[in-house]
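# Fold and contact review
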Amino acid sequence: MSGLRLGVSQTQPCNYLPDRQERLLFTLPDEPLDAGFYQQLLALNFRRSGEQIYTTYCEGCQQCQSVRLPSQEFLLSTNQRRAWNKAKRSGWQYQLVHYDDKACCTAKYYELYQSYINNKHSDSPMSPASPEQMSYLWQTQWLEVRFLEQYVNNELVAVTVVDCTPDAFSAVYTFYQTGQVLPYGTLAILALVELAKVKHIHFVYLGYYIQHCQKMSYKARFLPQQRFIAGEWLSFR
């Protein structure tokens, strides 16, 4: 870890807190990476973007707290259990899949991704959607990336891009059919925890949580969880 070389981004307006400035630390392009090393970095508040790994490095701000769920300890809330059971009664199924040829994912997923961006994030930097933008989510040569696919009556309705390390699943991004009755975002997390339990994977990482960002408030509803705060993991129950 001590030999890891990192770059520092330019300061720019924060995408989540309008009164703050954002800065990132990121791995350099020629830095050797693998799944085991990435697992160590996940435990230090890092995330993956394309081929690089990054973490927040904002002056005077530590609001971005990585969230992880200990799979064997996780308990469904009443609302989560209700959503899970309703989905099961509605012809809902899921599977975690791997594709050697990622080019097929673009053809399979893009219509769903484009619709999601147009309906949920039309006013964000992610709009307009493009196939290149979507495929960047799983663009990496040094890590196994799988896809959690959700189906209702055999129709693809949601996809989660999942980074896989020896002892963790890391949810990179989820996109889904909007305007539907089932909460596909919640179901994606519950399905990943269920798979982690079966496969004896210790943690499911949900990315960053920011207390005062409404878009991230849903992450606090999954308990028990751990958050990386001031250099250590603290438990919330």
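First, a word on scope: everything that follows refers to the structure included in this document.

Conventions we followed
- Residues numbered from 1 in each chain as written.
- Predicted model: local features only at pLDDT ≥ 70, side-chain atom pairs only at ≥ 80, totals over all residues.
- Heavy atoms only, no water.
- Helix = DSSP H or I, 4+ residues; strand = E, 2+ residues; numbered from the N terminus.
- Rg over C-alpha atoms; globule rule 2.2 N^0.38 Å.
- Buried < 20%, exposed > 50% of the residue type's maximum accessible area, 1.4 Å probe, protein only.
- Contact = heavy atoms within 4.5 Å.
- Areas by Shrake-Rupley, 256 points an atom, 1.4 Å probe, with all protein chains shown as cover.
- Lys, Arg positive; Asp, Glu negative; His and termini not counted.
- Charge placed at Lys NZ, Arg CZ, Asp CG, Glu CD.
- Core = buried A, V, L, I, M, F, W, Y, C linked by side-chain atoms within 4.5 Å.
- Pairing = 2+ DSSP bridges.
- Right-handed = clockwise from strand over helix to strand, strands pointing away.
- Expected span 1.5 Å × (residues − 1).

Scanning the chain from terminus to terminus reveals five helices and 14 strands. Its C-alpha radius of gyration of 18 Å places the chain within 12% of the 18 Å reference for a compact globule of 237 residues. The dimensions of the chain, computed from C-alpha atoms along their principal axes, are 50 × 40 × 35 Å. Burial statistics for the chain: of 237 residues in total, 48% are counted as buried. In the chain, the proportion of contacts linking residues at least 24 apart, taken out of those at least 6 apart, comes to 65%. When the accessible area of the chain is evaluated, it comes to approximately 12400 Å², of which 48% is carbon and sulfur surface. For the chain, the centre of its 22 positive side-chain charges and the centre of its 20 negative side-chain charges are spaced 11 Å apart.

Moving on, we come to the nonpolar core. Core analysis: the biggest nonpolar cluster contains 61 residues, and Tyr-109, Tyr-113, Trp-138, Phe-147, Phe-169 and Phe-175 have the highest contact counts within it. Ranked by residue count, the leading element in this core is helix H5 (residues 184–199), at 10 residues. Judged by nonpolar contacts, the second largest core, of 15 residues, contains Tyr-38, Leu-41, Ile-53 and Tyr-205.

Each regular strand displays side chains that alternate between the two surfaces of the sheet. Of all nine residues making up strand S11 (residues 168–176), nine are buried, and the element is well covered by its neighbours. Bridge count for strand S10 (residues 155–165) against S11 is eight bridges, and the pairing is antiparallel. Bridged to Thr-160 within S11 is Thr-174. Hairpin connection from S10 to S11: two residues lie between these consecutive antiparallel strands. Where S11 lies against strand S12 (residues 203–209), three bridges are found, and the strand directions are parallel. In the strand pairing of S12, Phe-169 is matched with Val-204. Tracing the backbone out of S11, into H5 and back to the parallel element S12 gives a crossover that is right-handed.

Over its 18 residues, helix H3 (residues 103–120) runs 25 Å from end to end, which matches the ideal 26 Å to within 8%, given 1.5 Å per residue. For H3, the full list of buried residues reads Cys-105, Tyr-109, Tyr-110, Leu-112, Tyr-113, Tyr-116 and Ile-117. Next to the buried residues of H3 lie strand S8 (92–97), helix H4 (131–135), strand S9 (144–152), S10 and S11.

In short, geometric facts, not functional conclusions.
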